[in-house]
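Structure assessment
Here's the letter readout for the chains.
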Amino acid sequence: MKIIGLTGGIGSGKSTVSAYLSENAGLMIIDADRIAHEITEPGNETLVKIEEVFGSDIIRDDGTLDRRGLAGIVFSSEEKKTILEEITHKAIREEIDRLLKKAFAANEPAVIIDAPLLLESGLHTICDIVWAVGAEKEVRVKRAAARDGITEDEIRARMARQMSDEERAQHADEIIDNSGDKETLYRQIERLIQKYV
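Residues numbered from 1 in each chain as written. Predicted model: local features only at pLDDT ≥ 70, side-chain atom pairs only at ≥ 80, totals over all residues. Heavy atoms only, no water.

1. Here we look at helix H9 (residues 182-196)
Since the α-helix advances by 3.6 residues per turn, residues separated by three or four positions end up pointing in the same direction. With 15 residues, H9 ought to run about 21 Å at 1.5 Å a step, and its terminal C-alpha atoms sit 21 Å apart, in line with that. Here H9 has its buried residues at Leu185, Gln188, Ile189, Leu192, Ile193 and Tyr196. Down the axis, H9 shows its buried residues gathered within 140° of arc, on one side only. Looking at H9, the residues exposed on the side facing more than 90 degrees away from the buried face are Arg187 and Gln194. (Helix = DSSP H or I, 4+ residues; strand = E, 2+ residues; numbered from the N terminus. Expected span 1.5 Å × (residues − 1). Buried < 20%, exposed > 50% of the residue type's maximum accessible area, 1.4 Å probe, protein only. Arc of directions from axis to C-beta.)

2. Some thoughts on the packing of aromatic side chains
Centre-to-centre distance and the angle between the planes together describe a pair of aromatic rings. Summed over the entire model, instances satisfying the criterion amount to 2 aromatic pairs. Ring centres 5.9 Å apart and planes at 55° place the aromatic pair Trp131 and Tyr196 in the tilted group. In this pair, Trp131 is assigned in strand S4 (residues 129-134) and Tyr196 in helix H9, connecting sequence segments 65 residues apart. (Phe/Tyr/Trp six-rings, centres within 6.5 Å; stacked < 30°, edge-to-face > 60°.)

3. Points about the packing of helix H6 (residues 137-148) against helix H7 (residues 152-160)
As a packed pair, H6 and H7 sit with axes 9 Å apart at the nearest point and diverge in direction by 120°. As summarised for this structure, H6 and H7 are arranged oblique, according to the angle between their axes. For the crossing formed where H6 meets H7, the hand is right-handed. For the pair H6 and H7, the contacting residues are Lys137, Glu138, Arg140, Val141, Lys142, Ala144, Ala145 and Asp148 in the first and Glu152, Ile155, Arg156 and Met159 in the second. Partitioned by chemical class, the residues of the contact of H6 with H7 number 5 nonpolar, no polar and 7 charged. (Axes fitted to C-alpha atoms, helices over the stretch in contact; angles between N-to-C directions. Parallel < 35°, antiparallel > 145°, perpendicular 65-115°, else oblique. Left-handed = near helix turned anticlockwise from the far one by under 90°. Contact = heavy atoms within 4.5 Å. Nonpolar A, V, L, I, M, F, W, Y, C, P; charged D, E, K, R; others polar.)

4. So, the pairing of strand S1 (residues 2-8)
Along any regular strand the residues' side chains alternate between the sheet's two faces. Most of S1 sits out of view: 6 of its 7 residues are buried. Of the strand pairs in this sheet, S1 and strand S3 (residues 110-114) are connected by 5 bridges, and their pairing is parallel. Bridge assignment links Lys2 to a residue of S3, and that residue is Ala110. (Pairing = 2+ DSSP bridges.)

Structural data, given as structure tokens:
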């Protein structure tokens, strides 16, 4: 079974690539962001740890995590971002390992680990191949601002705390350029499917 790591910064279009791989190539996707949401649901040990460190202000009245509030805190400080990652990465890694075992048992030909922090978290070390999705900076800013309903300045602040496309490219086996239209993107993905899957 081939393990393919898929990464990309905010607004790069990584989720579009992931969706295409699932819907058009039938590949199993392990979505690190979805796992991160699941491990921070009410009653989960990870959420308790986050509240202990960042305070009860990040917990809504219904007991759910105020993700936007937490993002505002962690993206304003490299130290706080690192602390949050230390809390969440271990739990995310354990769930990814469990899903990989399941995929291996099901004889999946390839599995995609879709993770924005693939490189930063060290997850790339368990991948056979790394694909990085990139796009021109202003394209990414506009996409992310429209999607998330926050200002372009907030997006730029978040991007400044993430690895750059250039840094990701240094660690990737393949670069997917998503600065253009969907058809151009899909052609690139098809080429990679033919080459690796």
